[in-house]
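Here's the letter readout for the chains.
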Amino acid sequence: MLVFEKGAPGRGMQILPKCDVETVSFGEDVSRAEAPRLPEMSESEVSRHYSDIARRCHGVNDGFYPLGSCTMKYNPRINEVTASLPGFTEIHPLQPENTVQGCLKAIKDTEDALCAITGMDAMTLQPAAGAHGEFTGLLLIKAYHEARGDKKRTKILVPDSAHGTNPASAAMNGCSVVSIPSDEDGYVDLDALRAAAGDDVAGLMLTNPNTVGLFDKNIKEITNIIHECGGLCYYDGANLNAIMGVVRPGDMGFDVVHLNLHKTFSTPHGGGGPGSGPVGCKEKLAQFLPSILVEEDADGLHMTKAADSIGEMKNFYGNFLVVIKALTYIASLGAEGLKEASQNAVLNANYMMHKLKSHYTMACKGICMHEFVMDIGDIKDATGVSAMDIAKGLLDYGIHPPTMYFPLIVHEALMVEPTETETRETLDHAVDVFIELAERAKSDPEALHSAPHNTVIGRPDEVKAARQPVLKYDFAAE
Ligand SMILES: *Cc1c(COP(=O)(O)O)cnc(C)c1O
């Protein structure tokens, strides 16, 4: 039942305090003719309604959630405690600087920590998500070339294993996208890269480890090829879970990087909540950063704008409370703890991959980073059971499916990212379930075609859900 179908007219729960400021009437011309049709419910009904909805969802608090590339890691509760402090929540963005010194310090500390983690010189916290960060970073690259009068650079090189947002961001920036193939071991094909590099290349967008879970051993050579042709290198750091404290994009030769605080730095996400996609860059691009930046001098902390700023990417400071959660995570783990988190993420992925590789074909041979990709193609050929069927089968065991059908270069892909905080028992259980499903594909494929069997919702029509989403409540049909 939807919230509009619950409650009854007049059943309210508005217990508002007495108004302690002067009331102002805006007049008839700006008032609405009819009151809005809002649900009218008691507090207990509302509370039960949302608990009921929450029970139908699978979150990191419900069970294993190995969603590759998206890092559904545990979000420590301490993050919520700091992000709820009134000093952070009850402020106004236009308050005078001297009354928000603590908030500016938190922004500055986060910028500094993220620069240290990525090997960048400057950082903006304004973008609201990963794709927004990519768009921002490409604007910086564009501004850099334009400021040098170098106007013919319109191409962005993107490996074929890239996240879909990379070519999309490049296209939104008015660039043409050149796809660079992977070689047979899954690394960037260096000959193809050399052939594409030229004086019309604005830059390269790359994620390393790539989406197949491989760390590209030629990374210095790759960034050199781009720099030699006058282009810049963009690092998609949405998921930094393999490399925090181990290796830095800045040291690999990258000039710009975005991070997803809502993936690597433990902010809850996946339900569309606020995210944050900070963008870091090397000194030569810092003059183009979007405002607002924080600077410190003898009088305290100040908000400043970069000299040749590309402008505002979002209002004020971006999603400030997400930044506070990330800062809490960074401060509570410390440099050693962040490194250990990455090491455990890589260990957990390799542990699972090793136990599964005699039952499933792996897209990458050898050692993986924080995630691994299983190729269900041969199971599908032999039994008809697809990656989607295996994913749906997992739901009956209380396990959230891995990322499906990504990366695109693996046709029946299941991309598993266990994350660093899972126990050995959880990993062992998930391995057992995966093995059981591989067996069932052979013995009873029908059971998997129709899975899940124990969930509230079975198999929705995914095409219809995407093409004809019902996003509005139809009052007329009441
Ligand atoms: C999630 C992700 C993105 C996009 O981030 P959003 O916050 O969803 O916009 C980009 N690149 C990679 C590799 C990702 O995993």
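Structural data are supplied above this passage.
Presented here is a report on the structure given in the accompanying data block. (Residues numbered from 1 in each chain as written. Predicted model: local features only at pLDDT ≥ 70, side-chain atom pairs only at ≥ 80, totals over all residues. Heavy atoms only, no water.)

**A word on the overall build of the chain**
1) Next: A count of helical and extended segments in the chain gives 16 helices and 13 strands.
2) Next: Based on the C-alpha atoms only, the size of the chain along its principal axes is roughly 70 × 60 × 45 Å.
3) Next: Residue pairs in contact within the chain that sit at least 24 positions apart in sequence constitute 70% of those at least 6 positions apart.
4) Next: Approximately 23600 Å² of the chain is accessible, and the part contributed by carbon and sulfur atoms is 54%.
5) Next: Counting 41 positive and 65 negative side-chain charges, the chain places the averaged centre of each group 2 Å from the other. (Helix = DSSP H or I, 4+ residues; strand = E, 2+ residues; numbered from the N terminus. Contact = heavy atoms within 4.5 Å. Areas by Shrake-Rupley, 256 points an atom, 1.4 Å probe, with all protein chains shown as cover. Lys, Arg positive; Asp, Glu negative; His and termini not counted. Charge placed at Lys NZ, Arg CZ, Asp CG, Glu CD.)

**So, the packing of aromatic side chains**
1) Next: Across all of its chains, the model carries six aromatic pairs by this definition.
2) Next: Summarising the aromatic geometry, the rings of Tyr235 and Phe254 are spaced 5.0 Å apart at their centres and angled 75 degrees between planes, so their arrangement reads as edge-to-face. In this pair, Tyr235 is assigned in strand β5 (residues 232–237) and Phe254 in the loop between α9 (249–252) and β6 (256–259), connecting sequence segments 19 residues apart. With respect to burial, Tyr235 and Phe254 carry one shared label: buried.
3) Next: Ring centres of Phe316 and Tyr317 lie 6.1 Å apart, and the angle between their planes is 40 degrees; on these two criteria the pair is classed as tilted.
4) Next: Take Phe316: its relative accessible area is 33%, and that puts it in the partly exposed class.
5) Next: Of note, Lys217 hangs over the ring of Tyr187, and the distance from its end group to the ring centre comes to 4.0 Å. (Phe/Tyr/Trp six-rings, centres within 6.5 Å; stacked < 30°, edge-to-face > 60°. Buried < 20%, exposed > 50% of the residue type's maximum accessible area, 1.4 Å probe, protein only. Lys NZ or Arg CZ within 6 Å of the ring centre and 35° of its normal.)

**A short note on the packing of helix α13 (residues 387–395) against helix α14 (residues 424–443)**
For any two helices packed against each other, one specifies the inter-axial angle together with the distance between the axes.
1) Next: It is the contact of α13 with α14, at a shortest axis distance of 10 Å, that shows an interaxial angle of 130 degrees. Relative to α14, the element α13 is oriented oblique. The two elements α13 and α14 cross, and the hand of that crossing is right-handed. Residue-level contacts link Ile390, Gly393 and Leu394 of α13 to Val433, Phe434 and Leu437 of α14. (Axes fitted to C-alpha atoms, helices over the stretch in contact; angles between N-to-C directions. Parallel < 35°, antiparallel > 145°, perpendicular 65-115°, else oblique. Left-handed = near helix turned anticlockwise from the far one by under 90°.)

**Details of the pattern of salt bridges**
1) Next: As enumerated under the stated definition, the model contains 22 salt bridges in all.
2) Next: Across the salt bridge formed by Glu436 and Arg440, the nearest N and O atoms sit 3.1 Å from each other. With a gap of four residues between them, Glu436 and Arg440 both fall in helix α14, about one helical turn apart.
3) Next: Overall, the relative accessible area of 24% leaves Arg440 in the partly exposed class.
4) Next: One salt-bridge network, held together by shared partners, links Asp52, Arg55 and Arg56. (Salt bridge = Lys/Arg side-chain N within 4 Å of Asp/Glu carboxyl O.)

**Quick look at the site of the ligand**
1) Next: The immediate surroundings of the ligand are formed by Ser69, Ala129, Gly130, Ala131, Glu134, His163, Thr165, Asp236, Ala238, Asn260, His262 and Lys263.
2) Next: The fraction of the free accessible surface of the ligand (380 Å²) that becomes covered by protein chains is 85%.
3) Next: When residues of the shell around the ligand are assigned to their parent elements, the largest contribution, three residues, is made by helix α5 (residues 130–147).
4) Next: Of the residues that constitute the shell around the ligand, the class distribution is three nonpolar, six polar and three charged. (Near = heavy atom within 4 Å. Nonpolar A, V, L, I, M, F, W, Y, C, P; charged D, E, K, R; others polar.)

**Side note on the sheet that holds β6**
1) Next: Taken in spatial order, the seven strands of this open sheet run β1-β7-β6-β5-β4-β2-β3, and their pairing is mixed. Each edge of the sheet is formed by a strand with only one pairing partner; in this case those strands are β1 (122–124) and β3 (176–180). For this sheet, the mean inter-axis angle between neighbouring strands, taken without regard to orientation, is 20 degrees.
2) Next: Examined bridge by bridge, strand β2 (residues 155–159) and β3 share five bridges and lie parallel to one another. (Pairing = 2+ DSSP bridges.)

**Here's the deal with the sheet that holds strand β12 (residues 403–404)**
1) Next: The four strands are arranged β10-β11-β13-β12 in an open sheet whose pairing can be described as antiparallel. Each edge of the sheet is formed by a strand with only one pairing partner; in this case those strands are β10 (361–362) and β12.
2) Next: Bridge count for β10 against strand β11 (residues 372–375) is two bridges, and the pairing is antiparallel. Paired with Met362 across the bridge in β11 is Met374.
3) Next: The sheet contacts of helix α11 (residues 320–356) involve β10, β11 and β13 (413–416), and relative to β11 the element is tilted by about 20 degrees.

**Description of the nonpolar core**
1) Next: With 56 residues, the main nonpolar core has Leu114, Ile117, Leu157, Leu193, Phe254 and Phe265 as its most contacted residues.
2) Next: If you list the elements that add at least two residues to this core, you get α4 (101–118), α7 (190–196), β4 (201–206), α8 (219–228), β5, β6 and α11.
3) Next: Sequence-distant contacts of Leu114, that is, excluding residues within four places in its chain, are made with Met123, Leu125, Leu259, Leu261, Phe265, Pro278 and Ile330.
4) Next: Core analysis: the second largest hydrophobic core is formed by 34 residues, Met362, Ile376, Ile379 and Ile390 among them. (Core = buried A, V, L, I, M, F, W, Y, C linked by side-chain atoms within 4.5 Å.)

**Focus on the packing of α11 against α14**
1) Next: Between α11 and α14, the least distance of the axes is 10 Å, while the angle of their chain directions is 30 degrees. Relative to α14, the element α11 is oriented roughly parallel. Seen along the crossing, α11 lies across α14 with a hand that is right-handed. For the pair α11 and α14, the contacting residues are Asn348, Tyr351, Met352, Lys355 and Leu356 in the first and Arg424, Leu427, Asp428, Ala430, Val431, Phe434 and Ile435 in the second.
2) Next: Split into classes, the residues belonging to the contact of α11 with α14 amount to eight nonpolar, one polar and three charged.

**So, α13**
1) Next: Among the nine residues of α13, eight are classified as buried, and the element is accordingly described as predominantly covered.
2) Next: Next to the buried residues of α13 lie β12, β13, α14, α15 (445–449) and α16 (462–467).

**Focus on a negative patch on the surface**
1) Next: The grouping of Glu295, Glu296, Asp297 and Asp299 at the surface amounts to a negative patch.
2) Next: Here Asp299 is to be found in the loop between β8 (293–297) and β9 (300–304).
3) Next: Classification of Asp299 as exposed rests on a relative accessible area of 68%. (Patch = residues over 30% accessible without salt bridge, like charges linked within 9 Å, V, L, I, M, F, W, Y side chains within 5 Å.)

**A closer look at the environment of Val212**
1) Next: Along the chain, Val212 turns up in the loop between β4 and α8.
2) Next: A C-alpha to C-alpha distance of 6.3 Å links Val212 and Phe372, two positions 160 residues apart in sequence.
3) Next: In this view, Val212 contacts Ala363, Cys364, Glu371, Phe372, Val373, Pro407 and Ile409; residues no more than four positions away in its chain are not counted.

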